[in-house]
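Observations on the model geometry
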Amino acid sequence: MAPLIYSALIISLGLGTTMTFASTHWYLAWMGIEINTLAIIPLMAQNHIPRAIEATTKYFFVQATASATLLFAGISNAFLTGQWNITYTPYTLTSTLITLALAMKIGLAPLHSWMPEVMQGLNLLTGLILSTWQKLAPLYLIYQIQPNNPNIFIALGLMSIIVGGWGGFNQVQLRKILAYSSIAHLGWMILILSFSPPLALLTIIIYILMTFSLFSSFMLTRTTHINSLSTTWAKIPILTISTPLILLSLGGLPPLTGFMPKWMILQELTKQSLCPLATMAALSSLFSLYFYLRLSYAMTLTMPPNNPAGTLPWRLNPQHNTLPLALTTTSTICLLPMTPAIMSLMPF
Amino acid sequence: MSLPNISRVSASGLLRSSRDLRWLLRSVAPLAAPRRALTQMGYRRPGQPREDRPPWWRVKFDLAKGLKGMKRHFKLLKEEFFAPFVGPMGKPIMEHMLEQNQVLWEFRGPHSLQEWTISCDREIGGKSEIYLKVGRNNESCLLYGTLCSDPPKDGETRYSGYCTMRSKQPLASFDRKKYHDWSSFNTLHLRVRGDGRPWMINIVPETYYIHQKDDMYSYFLYTRGGPYWQDVKIPFSKFFLAHRGRIQDDQHPVWLDKINSIGFTLGDKADGPFQLEIDFIGVCKDYAHTEDFAYEKYKRNPEV
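Conventions we followed
Residues numbered from 1 in each chain as written. Chains lettered and ligands numbered in written order. Predicted model: local features only at pLDDT ≥ 70, side-chain atom pairs only at ≥ 80, totals over all residues. Heavy atoms only, no water. Pairing = 2+ DSSP bridges. Helix = DSSP H or I, 4+ residues; strand = E, 2+ residues; numbered from the N terminus. Domains from an automatic or database assignment. Buried area = accessible area lost by both parts, 1.4 Å probe. Salt bridge = Lys/Arg side-chain N within 4 Å of Asp/Glu carboxyl O. Polar contact = N/O pair within 3.5 Å; in protein donor to acceptor, adjacent residues only side chain to side chain. Nonpolar A, V, L, I, M, F, W, Y, C, P; charged D, E, K, R; others polar. Contact = heavy atoms within 4.5 Å. Expected span 1.5 Å × (residues − 1). Buried < 20%, exposed > 50% of the residue type's maximum accessible area, 1.4 Å probe, protein only. Arc of directions from axis to C-beta.

Our focus in this paragraph is the sheet that holds strand β7 (residues 198-205) of chain B. Strand-to-strand pairing in sheets goes through backbone hydrogen bonds, with the strands running parallel or antiparallel. All names here are of chain B. Spatially, the seven strands line up as an open sheet ordered β2-β5-β12-β7-β8-β10-β11, and their pairing is antiparallel. In this open sheet, the two strands that pair with only one neighbour each are β2 (116-120) and β11 (246-247). Inspection of the sheet shows β7 paired to strand β12 (residues 259-266) by six bridges, in the antiparallel sense. Within β12, the position partnered with Asn202 by the bridge is Gly263.

On to the domain arrangement of chain A, then. Residue and element names in this part refer to chain A. Taken domain by domain, chain A comprises domain 1 (1-148) and domain 2 (149-305 + 321-339). Both faces combined, the contact of domain 1 with domain 2 buries some 2,800 Å², and carbon together with sulfur accounts for 80% of it. For the domain 1 face of the interface with domain 2, the top three residues by lost area are Gln120, Leu124 and Tyr143, together amounting to 24%. The interface formed by domain 1 and domain 2 includes one salt bridge. Counting the contacts that link domain 1 with domain 2 gives four residue pairs in polar contact (both at pLDDT 80 or more). Residue composition of the side of domain 1 that touches domain 2, grouped by class: 18 nonpolar, ten polar and two charged.

The subject of this paragraph is the domain arrangement of chain B. Interface size, as often reported, equals the accessible area lost upon joining of the parts. Residues and elements named next belong to chain B. Here the domain parsing of chain B yields domain 1 (60-98) and domain 2 (100-284). Using C-alpha coordinates to define each centre, domain 1 is positioned 26 Å away from domain 2. Contacts between domain 1 and domain 2 engage nine residues on the former and nine residues on the latter. With both chains or domains summed, domain 1 and domain 2 bury close to 740 Å², and 53% of this area falls on carbon and sulfur atoms. Taken as a group, His73, Glu80 and Met89 account for 50% of the area that domain 1 buries against domain 2, more than any other trio of residues on that side. Arg176 is paired through a salt bridge with Glu80; the nearest N and O atoms lie 2.7 Å apart. Seen at the junction of domain 1 and domain 2, the total is three residue pairs in polar contact (both at pLDDT 80 or more). Of all elements in the fold, only α2 (63-86) and α3 (93-98) reach the threshold of two or more residues within the side of domain 1 that touches domain 2. Among the elements that line the side of domain 1 that touches domain 2, the one with the most residues is α2, at five residues. In terms of residue class, the side of domain 1 that touches domain 2 is built from five nonpolar, two polar and two charged.

To continue, consider helix α1 (residues 3-22) of chain A. Along an α-helix, a turn takes 3.6 residues, which lines up residues three or four apart on a common side. Residues and elements named next belong to chain A. In this model α1 runs 28 Å from its N-terminal to its C-terminal C-alpha over 20 residues, within 8% of the 28 Å that 1.5 Å per residue would give. Taken as a whole, α1 has its buried residues at Leu9, Leu13, Gly16, Thr17, Met19 and Thr20. Down the axis of α1, the smallest arc covering the buried residues is 160 degrees, so these residues share one side. Exposed and oriented more than 90 degrees from the buried face of α1 are Pro3, Leu4, Ile11 and Ala22.

Put into structure tokens, the structure is as follows:
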């Protein structure tokens, strides 16, 4: 793609999200989300291969449907309340419609079916943008609307955690696994949103850190299938150590950073006397942990069934800038001891 | 153009004749259009006999067959449900990861021919013939016939002369489409014995748009005539994209995670008998083969 067009699309992505962040009017928020969608479409379709075009088309249909629903709900809310403020959604019908539209945008269960297929058709960089940046604007709107009844958030959250774990159970394609991982993590975030929005913010920030480091690792080793993970040791040995730790952090195991949001969420749910819900969420996340462990096992404890001497790939200096990977990997692994400091920064 | 004459009727006359409105429409064409003959409803290929029976007469309603079908489908559904508990694609994860070779089709009896379908230009009015049978001692399958390049005399077809054998689409329970997932492998491995003719191997993946339904990825299979078997290994990176037989300018490697079928086509314009014996068709992972794609992917007219 021409550098000028590529830059324009990246700037549009930033512009759309920033516009949504800065808006209090439904129209402006919707416009920001639409700019985001339209900016990422050419990025997804830049490789003119059938699978990428299929992924782009499916993504466009889903996002257009969700945007139309969101606009309709926003206009209905304005019609009923007489004002366009995003934070004022007193009617259950409009707030539910808005929630469902935004849930479809970010791929929460039961509106998640498009996500694995779309991720499978994209390259890893575009998949990273889809998993992280494209979630910010809709999540910000969900953060703002504050529905009357938190049950919808609980239902969406729990369903996403279960579906995210169950769906990734027997996947061997890494991009699909990462899609289901995204669904599960967003489930945790939505679950706690109505009880403690700052914790939801913490969850999404840590999720973005972990996902960024994992995607970057896979981009460096150019792996998209679980079988090709077993040759990572021959390409970049240090990644064979760090990537399993990133995966286990995603799974929420202490003493890694990924344990922090889960711990805080379970603590908050317990304080809210929702122990059965907390138990179900914790048990459901074991499904996700299973496939993260499987990936770690494939990477570190298996050798490919061939004679390594004859088939080692050339170990050239990496062309990519590895500083972001280094920073995010360190954050993904080592931030748990800083939990008290992070909690003190959170606006509780 | 003059308007058709319509009889002038008084108001009372209208009321009297309100039950019978057909005379009002005397000048208008009859309401019921003449029924088209059944043979005019679809394209009938030359050589095909005329079919005058209505479509619903062609379906055989048989309770025993229906019950047998339901039993088969529920059995498949049960297998599909319990397979993920074993591992991806019904195999334990270690077996899936360590697998380097997988035999997809092994011709060891008449049952193995049911997964294949054969076709030739006889369907469009040509004169080729193709047959498929089990080889000697049930150890292989034999594809044989006669190729004839004479085009059918229908006034529109200019070229002809092809014979093909293609695997059927795998189906899950209740006839849902299932796909082959060869993403763990990078090479096609065949054991064949031919008569020296060049064949074309076609891989048809699952597509999304209707205008991609004739996309296929092809490569050549050169057989050596003789009594000895040939082990042919073709990397998937060598397969090039063609649409309806025309090689496309924008090329890309075949995506192996959703493959519908594989086929062998003969169309070398050498009229006469042919034979191809196949022992097995499989896929393998060659770690020494690191090529992504054998052809250039650059744009021929890049924008500046």
